[in-house]
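# Secondary and tertiary structure notes
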Amino acid sequence: MEKQQTDPMATVEGLSGKASAALGRRVFMRYIGATAAAGVALSACHSELVDPTATGSARPGDAIDLGDIGSKDVNVLNYAYALEQLEAAFYTQAVMTPYSGITDAERQILTDIRDHEIVHRDLFKAALASAAIPGLTPDFSSINFNSRASVLGTARVFENIGVSAYNGAGQYIRTPDYLVLAGKIVSVEARHASIIATLLEPMSALFAGDQVVFPASGLEEIRNPEEVLAIVRPYVKEFLNGRNGRR
Amino acid sequence: MSRRSVFQNLLKKTVAGAGAAAFAGVLNKTYAQTSSVADVLNYALTLEYLEAEFYNLSLAAPNLIPSAARPYYEQIAKHENAHVALLKSALGSAAVPKPTFDFTAGGAFGNVFTNVDTNYALAQAFEDTGVRAYKGQATNLMSAPAILTVALQIHSVEARHAARIRYIRGQKGWITNADASGLPQAIYSGEENVTQGGVNLVNALGISAARVSEAFDEPLGMSEVFAIAGPFIKSLNR
């Protein structure tokens, strides 16, 4: 049990030493370059992590195929990376163009969540390196960023989707360290979901409502990749495709 | 029917929210004799007994939980009681009995059922510990994917509870560094970690340690969890 207290990927030689030595504080562009090298070391240690298709940036209209989500860990990581990209972009926009009447408390919550999602996104990008899918182009035309209800309502959708996606995909992860890492992230997404719902309806049960937690079992809803991708597809200009996992 | 197809069926039913009983039946037959999985489930059951009883007693205590807070206390109690029922039926005769609890922890929290602030504080302690405890067991369930999935489905619910309780206490829903907000430090030690995947993300991203630490919840092992929960367990009754 105690070993789970240690960092989940600390045993991946090469990533820790080279990356942390190479990574300068607040030098984001340099970070992107350095972690690409770190990711090569990572993939060298995990033969499953092979480059599926893509690097670089996508263009609107491109199809991005995440593959069979359960067939290898790199596909699960890219699936998570896609969702985190979307969340990070959404909160970045929400904080940059705050809705009218936003309170200081709400602004702080959205800023915190933005930062958490950026951290998640960049961690996956670094870990995947050359195996990463391209950067996605968000399509937030259906969201009214000047409307509290629209922003918080969309946030609730994204967080609930994120939790159900991680929970559904956990069983496909083959590398224990990645499962622990996914576990570290999913509970933070659940915390986000709870607080966003609380902002929407402060004194209700919506933070863990019967729509997302089955009342009879106390279990949170899970979704398979095809369901998740169908829900998020309208928010991405590329065509995100992926198939349900097989172990 | 092969084990895999049983589980796939099961998973579908669980997704539909109607599979708890079926899950329990199959689990009982298949895994209750596998000591490692059963041990994990009994560990989870012990923690769920603790949480369920805590909320049941809190809701029953006169003039304790204000009416504004009752809807979410009731929702949490409903979930914790459901978790107990699910794990108990899953384990069948292998299920551990409910311990005898002392929520004052030998008098340290003597007003737990008369002072709502003490009550909220303990609720936060139990929920944040529960999140860390489930997370710490995930890799021990990898051999049983359907059970791992169920454990994950409980884990995120505990995180939802934790955030809600923290919010009522004026805390952020997420854990900043290892801030214990007046609770025993052991509940939060390790949460200050900012190194993931071997990379110090503060250095890498130029994002503060506070934000990076909030972005990840850290696991706890069984012995650490029992060190936290132990003072509330008077007798294990087995």
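Residues numbered from 1 in each chain as written. Chains lettered and ligands numbered in written order. Predicted model: local features only at pLDDT ≥ 70, side-chain atom pairs only at ≥ 80, totals over all residues. Heavy atoms only, no water.

When helices and strands are tallied, chain A shows seven helices and four strands. Scanning chain A from its N terminus toward the C terminus, one meets helices and strands in the order α-α-β-α-α-α-α-β-β-α-β. For chain A, the proportion of its 247 residues judged to be buried stands at 59%. Expressed as a percentage of contacts within chain A between residues at least 6 apart in sequence, the contacts between residues at least 24 apart total 79%. In the structure as shown, chain A presents an accessible area of about 9200 Å², 54% of it carried by carbon and sulfur atoms. (Helix = DSSP H or I, 4+ residues; strand = E, 2+ residues; numbered from the N terminus. Buried < 20%, exposed > 50% of the residue type's maximum accessible area, 1.4 Å probe, protein only. Contact = heavy atoms within 4.5 Å. Areas by Shrake-Rupley, 256 points an atom, 1.4 Å probe, with all protein chains shown as cover.)

With that settled, the discussion passes to the overall build of chain B. When its secondary structure is counted, chain B shows nine helices and four strands. The helix and strand sequence of chain B, counted from the amino end, reads α-α-α-α-β-α-α-β-β-α-α-α-β. Among the 238 residues that make up chain B, the fraction classed as buried is 61%. Restricting the contact set of chain B to residue pairs at least 6 apart, pairs at least 24 apart contribute 74%. Per element, the accessible surface of chain B, about 8200 Å² overall, is 56% carbon and sulfur.

Core analysis: the largest hydrophobic core is formed by 145 residues, its most contacted members being Y79, F90 and L240 of chain A together with F54, Y73 and F216 of chain B. Not counting the four nearest positions on each side in its chain, Y79 of chain A is found in contact with L66, I69, A165, A169, N224, P225, V228 and L229 of chain A. (Core = buried A, V, L, I, M, F, W, Y, C linked by side-chain atoms within 4.5 Å.)

Before going further, it helps to examine the environment of F90 of chain A. Residue and element names in this part refer to chain A. Looking at where F90 falls in the secondary structure, it is placed in helix α3 (residues 73–96). Taking the C-alpha atoms as reference points, F90 and I143, 53 residues apart in sequence, are found 9.5 Å from one another. Other than its neighbours up to four places away in sequence, F90 contacts F140, I143, F145, V151, T154, A155 and F158.

Turning to the pattern of salt bridges, a few remarks are in order. If charged atoms from side chains of opposite charge come close, those side chains can pair. Overall, the coordinates contain 18 salt bridges over all chains when judged by the stated rule. Two residues, K172 of chain B and D112 of chain A, come together in a salt bridge whose shortest N-O distance is 2.7 Å. Here D112 of chain A lies in helix α4 (residues 104–128) and K172 of chain B lies in the loop between α6 (145–168) and β2 (195–196), a pairing that spans two chains. A single network of salt bridges, built from pairs that share partners, joins D112 of chain A together with K172, R211 and E214 of chain B. (Salt bridge = Lys/Arg side-chain N within 4 Å of Asp/Glu carboxyl O.)

Let us now look at the interface of chain A and chain B. Think of interface size as the accessible area that goes away when the parts come together; that is how it is often given. Between chain A and chain B, the contact holds 74 residues from the first and 75 residues from the second. Between chain A and chain B lies a buried interface of about 6300 Å² when both sides are counted; carbon and sulfur atoms form 62% of it. In this assembly, chain A and chain B are joined by seven salt bridges. Summed over the shared surface of chain A and chain B, the result is 26 residue pairs in polar contact (both at pLDDT 80 or more). For the side of chain A that touches chain B, the secondary-structure elements that each account for two or more residues are α1 (15–22), α2 (28–45), α4, α5 (148–169), α6 (176–200), β2 (213–214) and β3 (219–220) of chain A. (Buried area = accessible area lost by both parts, 1.4 Å probe. Polar contact = N/O pair within 3.5 Å; in protein donor to acceptor, adjacent residues only side chain to side chain.)

With a phi angle near 50°, A129 of chain A is a residue other than glycine that sits in the positive phi range. Given the relative accessible area of 14%, A129 of chain A is considered buried. Positive phi values are uncommon outside glycine, yet S181 of chain B reaches one of about 40°. Inspection of the secondary structure puts S181 of chain B in the loop between α6 and β2.

Here the focus is empty space enclosed by the protein. Across all of its chains, the model carries six cavities of 30 Å³ or more by this definition. Of the volumes computed, that of the largest cavity is approximately 170 Å³. Looking at the largest cavity, it is lined by 21 residues, and the ones nearest its centre are V40, Y134, Q137, L141 and A151 of chain B. When residues of the lining of the largest cavity are assigned to their parent elements, the largest contribution, seven residues, is made by α6 of chain B. Of the residues contributing to the lining of the largest cavity, the split by class is 17 nonpolar, three polar and one charged. Lining the second largest cavity we find 14 residues, and of these V76, A80, Y166, I173 and A182 of chain A sit closest to its centre. Looking at the lining of the second largest cavity, the element that brings in the most residues is α3 of chain A, giving five residues. Each residue belonging to the lining of the second largest cavity can be placed in one class, and the counts come to 13 nonpolar, one polar and no charged. (1 Å grid on protein atoms, 1.4 Å probe; cavity = no way out; pocket = protein on both sides within 12 Å on 5 of 7 lines; lining within 4 Å. Points joined across faces, edges and corners; volume = space filled by probe spheres on them. Nonpolar A, V, L, I, M, F, W, Y, C, P; charged D, E, K, R; others polar.)

Take the confidence of the model for chain B next. Of all residues in chain B, 85% attain a pLDDT of 70 or more, and the chain-wide mean is 88. Long-range and interchain partners of residues 1–33 of chain B, a stretch whose pLDDT sits below 50, account for 52 contacts in this model, where long-range means more than four residues apart. (pLDDT = per-residue confidence, 0-100.)

Each pair of packed helices gets described by two things: the angle between the helix axes and the distance between those axes. All names here are of chain A. Close contact between α4 and α6 brings their axes to 11 Å; oriented N to C, the two are set at 160°. In terms of their interaxial angle, α4 and α6 are classed as roughly antiparallel. Judged by the twist between their axes, the crossing of α4 over α6 is left-handed. Residues E106, I109, L110, I113, H116, E117, H120, L123 and F124 of α4 form the contact with α6, whose participating residues are L181, I185, V188, E189, H192, I195, I196 and L199. (Axes fitted to C-alpha atoms, helices over the stretch in contact; angles between N-to-C directions. Parallel < 35°, antiparallel > 145°, perpendicular 65-115°, else oblique. Left-handed = near helix turned anticlockwise from the far one by under 90°.)

All names here are of chain A. Following the sequence through the fold, N144 ends up in the loop between α4 and α5. Looking at N144, the relative accessible area reads 42%, which means it is partly exposed. Through-space distance from the C-alpha of N144 to that of T154 is 9.6 Å; in sequence the pair is 10 residues apart. Excluding residues within four positions of it along the chain, N144 makes contact with S150 and V151.

As a further point, take the pairing of strand β4 (residues 239–243) of chain A. Residues and elements named next belong to chain A. Every second residue of β4 is oriented toward a common face, the buried set being L240 and G242 and the non-buried set F239, N241 and R243. Bridge analysis of strand β1 (residues 63–68) against β4 gives four bridges, and the strand direction is parallel. Residue pairing across strands places I64 opposite L240, the latter belonging to β4. (Pairing = 2+ DSSP bridges.)

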